[in-house]
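Next come the chains, spelled out residue by residue.
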Amino acid sequence: MPRPRRRTTEHHRETRRRATTVAIVLGTEVRRARRRRRLTQGRLGALIGVSQAEVSRIERGLGVRAPLETWIALGVALERPVAIQLTRPLGDQRDAPADGGHLEIQEAVLRLARATDRPGTFETPTRPADPRRSTDVGIRDARHRARILVECWNSFGDLGEATRATHRKLAEAAATWPEDRITSVWVVRASATNRRIVARFAHVVDAAFPGSSRQWVRALTVGDIPPPREPGLVWFDPATGRLTEHRRARMTS
């Protein structure tokens, strides 16, 4: 008798998403390290005992099914040892602040701001006379004469009220810093729950955040292009600490 097909669950989909993200990140690092050492894909493959085609697949982010031994061999050959560990169990609140998930996203955004030589501030008041009115992270982009208001979301509450609050902060910031162009982006934890909410209200989200998510990711992580003028939404992956783009809903006639 044929074996029954295993039903794809949300757990399996989330696992695939995370595995794909890790493979892309590691593959990119392998390519950079190989080029720095002036190795061809064929030469690197020969060093670790795999084909040039397999090295190419890994560098293109398609190494999800590559054995752990292959990744370790790559790390040794490139003098970039692979470090693997399990995170603290989900829900473990020992020594963790109540807003730890929120702080984790703020920490990542501030780290990116520093890496791109732009001053970032924590809980930036949009109305200095009233410090209670603040955005999660403020980034001053002097090169492009812009100020970015970053709202970090560990989980969603009232989506409509949160959007209205962002609009109020934009208006306050425009009055506070008239010399700068003011723009904003939401950085949202890429959890299964948050993805379901965004997918369920895809057209609402796309209307609220018309800015190019891909350009927003580049503006935040590289800083070589001006931040989009329109508000945007990007994902934060807690497993890798990376920002990834939000793909818009496909419009149907």
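Residues numbered from 1 in each chain as written. Predicted model: local features only at pLDDT ≥ 70, side-chain atom pairs only at ≥ 80, totals over all residues. Heavy atoms only, no water.

Caption draft 1: Molecular detail of a nonpolar patch on the surface. On the surface, Leu68, Ile72, Val76, Val82 and Ile84 cluster together into a nonpolar patch covering about 470 Å² of accessible area. With respect to the helices, strands and loops of the structure, valine 82 is situated in the loop between helix H4 (68-77) and helix H5 (100-115). A residue is classified by how much of its surface remains accessible, and valine 82, at 34% relative accessible area, is partly exposed. (Patch = residues over 30% accessible without salt bridge, like charges linked within 9 Å, V, L, I, M, F, W, Y side chains within 5 Å. Areas by Shrake-Rupley, 256 points an atom, 1.4 Å probe, with all protein chains shown as cover. Salt bridge = Lys/Arg side-chain N within 4 Å of Asp/Glu carboxyl O. Helix = DSSP H or I, 4+ residues; strand = E, 2+ residues; numbered from the N terminus. Buried < 20%, exposed > 50% of the residue type's maximum accessible area, 1.4 Å probe, protein only.)

Caption draft 2: Layout of the nonpolar core. Grouped together as the largest cluster of nonpolar side chains are 17 residues, with contacts concentrated most on Val109, Ile139, Val150, Val187, Leu220 and Val234. Of all elements in the fold, only H5, strand S2 (134-141), strand S3 (146-153), strand S4 (181-189), helix H9 (213-221) and strand S5 (232-237) reach the threshold of two or more residues within this core. If near-sequence neighbours (up to four positions away) are discounted, valine 150 is found in contact with Val109, Thr135, Asp136, Val137, Ile139, Val185 and Val187. (Core = buried A, V, L, I, M, F, W, Y, C linked by side-chain atoms within 4.5 Å. Contact = heavy atoms within 4.5 Å.)

Caption draft 3: Structural view of the side chain of threonine 166. Among the structural elements, threonine 166 can be located in helix H6 (residues 159-176). When its relative accessible area of 5% is taken as the criterion, threonine 166 is described as buried.

Caption draft 4: The layout of surface pockets, seen in detail. For the second largest pocket, the calculated volume is near 1300 Å³. Breaking the lining of the second largest pocket down by element, the ones donating at least two residues are helix H1 (10-36), H5, helix H7 (192-200), helix H8 (202-208), H9, S5 and strand S6 (242-245). Among the elements that line the lining of the second largest pocket, the one with the most residues is H1, at 11 residues. Grouping the amino acids of the lining of the second largest pocket by side-chain chemistry returns 13 nonpolar, seven polar and 17 charged. (1 Å grid on protein atoms, 1.4 Å probe; cavity = no way out; pocket = protein on both sides within 12 Å on 5 of 7 lines; lining within 4 Å. Points joined across faces, edges and corners; volume = space filled by probe spheres on them. Nonpolar A, V, L, I, M, F, W, Y, C, P; charged D, E, K, R; others polar.)

Caption draft 5: Representation of the pattern of salt bridges in the model. The tally for this structure, following the rule as stated, stands at 16 salt bridges. Residues arginine 189 and glutamate 104 are paired through a salt bridge, measuring 2.8 Å at the closest nitrogen-oxygen approach. In this pair, arginine 189 is assigned in strand S4 and glutamate 104 in helix H5, connecting sequence segments 85 residues apart. Exposure remark for arginine 189: the relative accessible area of 12% places this residue in the buried category. Close ionic contact of aspartate 224 with arginine 218 constitutes a salt bridge, the shortest N to O distance being 2.7 Å. What you see here is one network of salt bridges that share partners, running through Glu29, Arg32, Arg80 and Arg242.

Caption draft 6: Structural detail: the sheet that holds S6. Taken together, the six strands give an open sheet; going across it, the order is S1-S2-S3-S4-S5-S6, and neighbouring strands pair in mixed fashion. The two strands at the open ends of the sheet, each matched to only one other strand, are strand S1 (120-125) and S6. The sheet shows a mean angle of 35 degrees between the axes of neighbouring strands, taken without regard to direction. Bridge analysis of S4 against S5 gives five bridges, and the strand direction is parallel. Across the sheet, the residue bridging to arginine 189 is phenylalanine 236, located in S5. H6 rests against S2, S3 and S4 of the sheet, and its axis sits at about 150 degrees to S4. Where H9 meets the sheet, it contacts S2, S3, S4, S5 and S6, and its direction lies at approximately 155 degrees from that of S6. (Pairing = 2+ DSSP bridges. Axes fitted to C-alpha atoms, helices over the stretch in contact; angles between N-to-C directions.)

Caption draft 7: Structural context of the packing of aromatic side chains. Tallied over the entire structure, the rule returns two aromatic pairs. Judged by centre distance (5.0 Å) and plane angle (45 degrees), the ring pair of tryptophan 153 and tryptophan 186 falls under tilted. Taken together, the residues tryptophan 153 in strand S3 and tryptophan 186 in strand S4 connect sequence positions 33 residues apart. By relative accessible area, tryptophan 153 is classed as buried at 19%. When the ring of tryptophan 186 is compared with that of phenylalanine 209, the centres are 4.6 Å apart and the planes differ by 55 degrees; the resulting orientation is tilted. (Phe/Tyr/Trp six-rings, centres within 6.5 Å; stacked < 30°, edge-to-face > 60°.)

Caption draft 8: Structural context of the environment of arginine 57. Note on placement: arginine 57 falls in helix H3 (residues 52-59). Separated by 30 residues in the primary sequence, arginine 57 and glycine 27 have C-alpha atoms spaced 8.4 Å apart. Ignoring any residue separated from it by four or fewer positions in sequence, one finds arginine 57 in contact with Leu62 and Gly63.

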